[in-house]
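Spelled out, the chains give:
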Amino acid sequence: MTGDGEGRFAFLCDFDGTVCPTQMMDFLYQRFAACGMEFAERWGRGEISTQEEIVSTFDTVSASREEMEAALDTIEIDPHFPAFLQFCRNHNYSFAIVSDGLEWYIDYILTKHDIYGVDIYANQIHFEDGEFRFEFPWYDDETPMRGVCKPMIVRRYQERGEVVVYAGDGMSDFEVVGVADLIFARRKLARFAREQGVDFTEFSDCRDLLEKWQAL
Ligand SMILES: [Mg+2]
């Protein structure tokens, strides 16, 4: 699909499990949190919100920013992501990462791979004198269990007249089903969209995503 004119599409993309094969919150929790996956598992069962999960888990982290960033240095991204991003830029499509994880590690990992200038909508961690402070600038009551209200971000692009294509893999993407104009999904998101009876395209990686998008 190429669209009728330049700038017509906005491509919004999840990060953990989509651009980055690693589930980054789990990666950090398993390495650095004394409580491990306890709160992440409660989130997965729908018992607590993203905000509660993040704040409660980081309460048990004693590692410094530098120690955690040394671990981030080992993280790979989808090797086809740079070409996918370049395709969007060449066509003047909007592109943004919309993540219920943390902007800090997304920005760190992209920069590490020489990727710059990507818009990121995510939760924020601030490192202050050995303490962690969190902000949730994209929270909305529409999705009280999420730190980032993904359907709200999708609608912002739609209200600018753009056709929103969304790609994701997990629970924090569920609320965009029925809101985004085109959905690319895998894993839990694919199962959810199927259960909802909403059309979507399954994809394996960023090369497959680009090929299938162009073929639509
Ligand atoms: Mg994900």
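Residues numbered from 1 in each chain as written. Predicted model: local features only at pLDDT ≥ 70, side-chain atom pairs only at ≥ 80, totals over all residues. Heavy atoms only, no water.

Peer 1: Can you break down the sheet that holds strand β7 (residues 201-202) residue by residue, with the values?
Peer 2: The sheet built from 7 strands is open, its strands ordered β4-β3-β2-β1-β5-β6-β7 with mixed pairing. The strands lining the two open edges of the sheet, one partner per strand, are β4 (131-135) and β7. In this structure, strand β5 (residues 163-168) lies alongside strand β6 (residues 182-185), joined through 4 bridges in parallel fashion. If you follow Tyr 166 over to β6, its bridge partner there is Ile 183. Sheet strands touched by helix α6 (residues 103-112): β2 (94-102) and β3 (119-128). Its angle to β3, the strand with the most contacts, is close to 110 degrees. (Pairing = 2+ DSSP bridges. Helix = DSSP H or I, 4+ residues; strand = E, 2+ residues; numbered from the N terminus. Contact = heavy atoms within 4.5 Å. Axes fitted to C-alpha atoms, helices over the stretch in contact; angles between N-to-C directions.)

Peer 1: Report on the packing of aromatic side chains, specifying residues and quantitative values.
Peer 2: All told, the structure shown has 21 aromatic pairs when counted by the stated rule. Measuring from centroid to centroid gives 5.7 Å for Phe 87 and Trp 213, while their planes differ by 70 degrees, and the two rings are edge-to-face. Placement of the pair is Phe 87 in helix α5 (residues 81-90) and Trp 213 in helix α9 (residues 206-215), with a sequence separation of 126 residues. Judged by its relative accessible area of 9%, Phe 87 falls in the buried class. Between Trp 104 and Phe 127 the ring centres are 5.1 Å apart and the planes differ by 70 degrees, which places this aromatic pair in the edge-to-face class. Here the residue Trp 104 occupies a position in helix α6, and Phe 127 occupies one in strand β3, the gap between them amounting to 23 residues. An aromatic cluster is present here, built from Phe 9, Phe 11, Phe 81, Phe 84, Phe 87, Tyr 93, Phe 95 and Trp 213 joined pairwise through their rings. (Phe/Tyr/Trp six-rings, centres within 6.5 Å; stacked < 30°, edge-to-face > 60°. Buried < 20%, exposed > 50% of the residue type's maximum accessible area, 1.4 Å probe, protein only.)

Peer 1: Outline the environment of Asp 14, supporting the account with residue identities and numerical values.
Peer 2: By the element assignment, Asp 14 lies in the loop between β1 (9-13) and α1 (24-32). We classify Asp 14 as buried; its relative accessible area is 4%. Placed 106 residues apart in sequence, Asp 14 and Ile 120 show a C-alpha to C-alpha distance of 9.8 Å. Beyond its immediate chain neighbours, meaning those up to four positions away, Asp 14 contacts Val 19, Val 98, Lys 150, Tyr 166, Ala 167, Gly 168, Asp 169 and Asp 173. Here the side chain of Asp 14 touches Thr 18 through a polar contact of 2.9 Å, side chain to side chain. (Polar contact = N/O pair within 3.5 Å; in protein donor to acceptor, adjacent residues only side chain to side chain.)

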